[in-house]
Amino acid sequence: MRDGFGREVNYLRVSVTDRCNLRCRYCMPEQGVRPIAHADVLRYEEIERVVRVAARLGFWRVRVTGGEPLVRKGLAGFIARLASIPGIADISLTTNGILLADAAGDLRRAGLRRVNVSLDTLREDRFAWITRRPDFGRAWAGIMAALREGLVPVKVNVVLMAGFNDDEVEDFARLTREYPLWVRFIELMPLGDNGLHGESGYLPVASIWPRLKALGPLEEVPSSPTDGGGPARYFSYRGAPGRLGLITPLSQHFCGGCNRLRLTSDGRLTPCLAGVGEVDVRGPLRAGATDDDLARLIAVAVREKPQEHHMAPGQVACDRQMSRLGG
Ligand code: SAM
Ligand code: SF4
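Residues numbered from 1 in each chain as written. Chains lettered and ligands numbered in written order. Predicted model: local features only at pLDDT ≥ 70, side-chain atom pairs only at ≥ 80, totals over all residues. Heavy atoms only, no water.

Participant: Quick question: what am I supposed to make of the overall build of the protein chain here?
Facilitator: Regarding its fold elements, the protein chain presents 10 helices and 12 strands. Here the protein chain holds 327 residues, and the buried ones make up 56% of them. Sequence-distant contacts in the protein chain: of pairs separated by 6 or more residues, those separated by 24 or more amount to 75%. As displayed, the protein chain offers around 13,400 Å² of accessible surface, 51% of which is attributable to carbon and sulfur atoms. (Helix = DSSP H or I, 4+ residues; strand = E, 2+ residues; numbered from the N terminus. Buried < 20%, exposed > 50% of the residue type's maximum accessible area, 1.4 Å probe, protein only. Contact = heavy atoms within 4.5 Å. Areas by Shrake-Rupley, 256 points an atom, 1.4 Å probe, with all protein chains shown as cover.)

The following block contains the structure:
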């Protein structure tokens, strides 16, 4: 499907819950978000139907996210159902890793291909501060389990924050020499209003480039659609099993190549992470919409994709929570 700007939209990001077992300061307030009532959360069968219709329209890649997707019961079974949909060739998961060590084997057998694990620090005390939970060891164990189970490439997403983890850039970079991990530095986005995205926290990813290069020569590695494609630029140190990725949603946005649509856990199609328009599918689904009706709603959401977002460092783009949108 093409949007109004000629972009091929074929990637659906599905948030299966807005709940989470962490409380990352840039994503959620301490008390958590006011949970969406259970009845308003799409059932797995309902999500599956939307994905089935999307696949008919040419979507072939699905990412399962949250909130924290692994807190929702039955996730492996749901992934197995997605994997059986004709046309869906790539299923991935974004997780904080806390519950991953126990789940990785089942997820892989269900048809999950790869995972992204969010980890903003390698220090236990900092992890406890940024996530408000003392679970660094579990997150790390989740990453190692994903490698063991072959959920590869295992990408580690690091939100770069001035004054919090900018002194760990080299430690993260060295991980790529030790493990086949794809460590990706991401700019902090001003979403929601949790007080951690003022100019002081934001750091353009380009500012760490000289420090990454100082560790050794870096070669750019072209990424291919089979390893996830997406907005990152990848680099590798000579002989290193892993890669470094740079993702610059603010300093150099990649809207021109945006290929995605989001489905929130309460059943709204979201054309842009930072935009305001949403298309309700839950109401129509429960009122007996046909597959053709659903296809029309997906087409509306694709058509409403804006040309680009207008997020800027320190300015709250909208009052949407990342935990609802799924990142
Ligand atoms: N709970 C899962 C996790 O943390 O990976 C999946 C959902 S989380 C909302 C998805 C991604 O969004 C995470 O990598 C997280 O770091 C990122 N994220 C959340 N708020 C952000 C913000 N304000 N700026 C940049 N990234 C953000
Ligand atoms: Fe939870 Fe992920 Fe948000 Fe952290 S970033 S609070 S792990 S949803």
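Participant: How should I be thinking about the layout of surface pockets in this particular structure?
Facilitator: One simple way to see leftover space: roll a probe sized like a water molecule over the atoms. Estimates place the volume of the second largest pocket at around 280 Å³. Contributing to the lining of the second largest pocket are 12 residues, with V205, R233, L246, T248 and Q252 lying nearest its centre. Looking at the lining of the second largest pocket, its residues break down into 7 nonpolar, 4 polar and 1 charged. (1 Å grid on protein atoms, 1.4 Å probe; cavity = no way out; pocket = protein on both sides within 12 Å on 5 of 7 lines; lining within 4 Å. Points joined across faces, edges and corners; volume = space filled by probe spheres on them. Nonpolar A, V, L, I, M, F, W, Y, C, P; charged D, E, K, R; others polar.)

Participant: Whenever I open this one, the site of ligand 2 confuses me. Can you help?
Facilitator: As a matter of local geometry, ligand 2 sits amid C20, L22, C24, C27, G67 and N96. In the shell around ligand 2, the residues fall into 4 nonpolar, 2 polar and no charged. (Near = heavy atom within 4 Å.)

Participant: Got a minute to help me understand the sheet that holds strand β5 (residues 154-160) in this structure?
Facilitator: Strand pairing in a sheet relies on backbone hydrogen bonds. The paired strands run either parallel or antiparallel. Strand order in this open sheet of 12 strands is β7-β8-β9-β6-β5-β4-β3-β2-β1-β10-β11-β12, and the pairing throughout is mixed. The two strands at the open ends of the sheet, each matched to only one other strand, are β7 (218-221) and β12 (279-280). By the bridge criterion, 2 bridges tie strand β11 (residues 268-270) to β12 in an arrangement that is antiparallel. Paired with L269 across the bridge in β12 is V279. (Pairing = 2+ DSSP bridges.)

Participant: Hey, could you run me through the pattern of salt bridges in this one?
Facilitator: Should their charged atoms come close, side chains of opposite charge can pair. Counted by the stated rule, this structure contains 24 salt bridges. A salt bridge links E8 to R2; its shortest N-O distance comes to 3.5 Å. Close ionic contact of D90 with R61 constitutes a salt bridge, the shortest N to O distance being 3.4 Å. Separated by 29 residues along the polypeptide, D90 in strand β3 (residues 90-95) and R61 in strand β2 (residues 61-65) bring together distant segments of the chain. Comparing D90 with R61, the two get one shared label, buried. When salt bridges with common partners are traced through the structure, they connect R43, E45, E46 and R286 into a single cluster. (Salt bridge = Lys/Arg side-chain N within 4 Å of Asp/Glu carboxyl O.)

Participant: When you look at the packing of helix α1 (residues 44-56) against helix α9 (residues 291-303) in this model, what are you seeing that I'm missing?
Facilitator: Helix-helix packing: each pair is described by the crossing angle between the helix axes and the interaxial distance. One way to put it is that α1 packs onto α9 with a least axis distance of 9 Å and a crossing angle of 75 degrees. Relative to α9, the element α1 is oriented roughly perpendicular. Note on element contacts: α9 touches α1 through D291, D292, L294, A295 and I298, opposite R49, V50, V53, A54 and R56. Residue composition of the contact of α1 with α9, by class: 6 nonpolar, no polar and 4 charged. (Axes fitted to C-alpha atoms, helices over the stretch in contact; angles between N-to-C directions. Parallel < 35°, antiparallel > 145°, perpendicular 65-115°, else oblique.)

Participant: I would appreciate a short explanation of the side chain of T131 in the present structure.
Facilitator: With respect to the secondary-structure elements, T131 resides in helix α4 (residues 124-131). Overall, T131 belongs to the buried group, its relative accessible area being 4%. Among the polar contacts listed, one links the side chain of T131 to the backbone oxygen of R133, at a separation of 3.0 Å. Those residues in contact with T131 that sit more than four places away from it in its chain are L22, R23 and C24. (Polar contact = N/O pair within 3.5 Å; in protein donor to acceptor, adjacent residues only side chain to side chain.)

Participant: Got a minute to help me understand the packing of aromatic side chains in this structure?
Facilitator: Geometry of an aromatic ring pair is reported as the spacing of the ring centres plus the angle between the planes. In the structure shown here, the tally under the stated rule is 7 aromatic pairs. Geometrically, the ring pair formed by W209 and F235 is tilted, given 4.7 Å between the ring centres and 55 degrees between the ring planes. With a gap of 26 residues between them, W209 in helix α7 (residues 209-214) and F235 in strand β8 (residues 233-237) connect regions that are remote in the sequence. We classify W209 as partly exposed; its relative accessible area is 24%. By relative accessible area, which is 6% here, F235 ends up buried. Note that R25 overlies the ring of W129, its terminal NZ or CZ placed 4.0 Å from the centroid. Sitting over the face of the ring of Y11, R61 holds its NZ or CZ atom 5.5 Å from the ring centroid. (Phe/Tyr/Trp six-rings, centres within 6.5 Å; stacked < 30°, edge-to-face > 60°. Lys NZ or Arg CZ within 6 Å of the ring centre and 35° of its normal.)

Participant: How should the pairing of strand β4 (residues 114-118) be read in this particular structure?
Facilitator: A regular strand places its side chains on the two faces of the sheet in alternate fashion. Of all 5 residues making up β4, 4 are buried, and the element is well covered by its neighbours. Relative to β4, β3 runs parallel, the two sharing 4 bridges. Within β4, the residue paired with T94 across the bridge is N116. In this fold, β3 hands off to helix α3 (residues 100-110), which returns the chain to β4; that crossover is right-handed. In this sheet, β5 lies alongside β4 in parallel orientation, the contact comprising 3 bridges. In the sheet register, N116 faces β5, and the bridge partner there is K155. (Right-handed = clockwise from strand over helix to strand, strands pointing away.)

Coordinates in, geometry out; function isn't part of it.
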